[in-house]
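Residues per chain, in single letters:
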Amino acid sequence: MRPTFLARLVNGTLFDPVVFVRLLNQGRAILFDCGRTGALSNREILSLDEVFISHPHMDHLMGLDQVLRVILHRRQPMHLYGPEGITDKVISRL
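**Comments concerning the packing of aromatic side chains**
To describe a pair of aromatic rings, you give the distance between the ring centres and the angle between the ring planes.
Next up, step 1: On inspection of all chains with the given rule, the structure shows two aromatic pairs.
Next up, step 2: Ring centres of Phe 32 and Phe 52 lie 5.1 Å apart, and the angle between their planes is 15 degrees; on these two criteria the pair is classed as stacked. Here the residue Phe 32 occupies a position in strand S3 (residues 28–32), and Phe 52 occupies one in strand S4 (residues 48–52), the gap between them amounting to 20 residues.
Next up, step 3: Phe 32 gets classed as partly exposed once you look at its relative accessible area, which sits at 36%.
Next up, step 4: The class of Phe 52 is partly exposed, set by a relative accessible area of 28%.
Next up, step 5: On the numbers, 4.9 Å between centres and 15 degrees between planes, the contact of Phe 52 with Tyr 81 is stacked.

**Here's the deal with the nonpolar core**
Side chains of a nonpolar character, in soluble globular proteins, are inclined to be buried together.
Next up, step 1: Membership of the largest hydrophobic core comes to 19 residues, with the highest contact counts inside it found for Phe 20, Leu 31, Leu 40, Leu 48, Leu 64, Val 67 and Met 78.
Next up, step 2: Considering every element that reaches this core, the biggest residue donor is helix H3 (residues 64–71), with four residues.
Next up, step 3: Excluding anything up to four places from it in sequence, Leu 48 contacts Phe 20, Ala 29, Ile 30, Leu 31, Val 67, Arg 74 and Met 78.

**Things to note about the side chain of Glu 50**
Next up, step 1: As for its position among the elements, Glu 50 is in strand S4.
Next up, step 2: By relative accessible area, Glu 50 is classed as buried at 17%.

Calculation notes
Residues numbered from 1 in each chain as written. Predicted model: local features only at pLDDT ≥ 70, side-chain atom pairs only at ≥ 80, totals over all residues. Heavy atoms only, no water. Phe/Tyr/Trp six-rings, centres within 6.5 Å; stacked < 30°, edge-to-face > 60°. Helix = DSSP H or I, 4+ residues; strand = E, 2+ residues; numbered from the N terminus. Buried < 20%, exposed > 50% of the residue type's maximum accessible area, 1.4 Å probe, protein only. Core = buried A, V, L, I, M, F, W, Y, C linked by side-chain atoms within 4.5 Å. Contact = heavy atoms within 4.5 Å.

Have a look at this one:
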């Protein structure tokens, strides 16, 4: 049986949490938490449809600046999910 997705722990087990999940044959991806995202290529970031933030601590949120900068002029929306108040925290970064 072939997998339908590939998950990658972007920064290893000891560093800022970022899990990049590529949905195979769909040309899109999902991101869980947004610690340091420097290891993600712009192409990978542009493939993101959804980003899930578990909680708004710095090590789970600081890479969102890079993600927003890369997708800023993209036509399709990126959906952001997180705890209550996450929208205000993201808007304040813009």
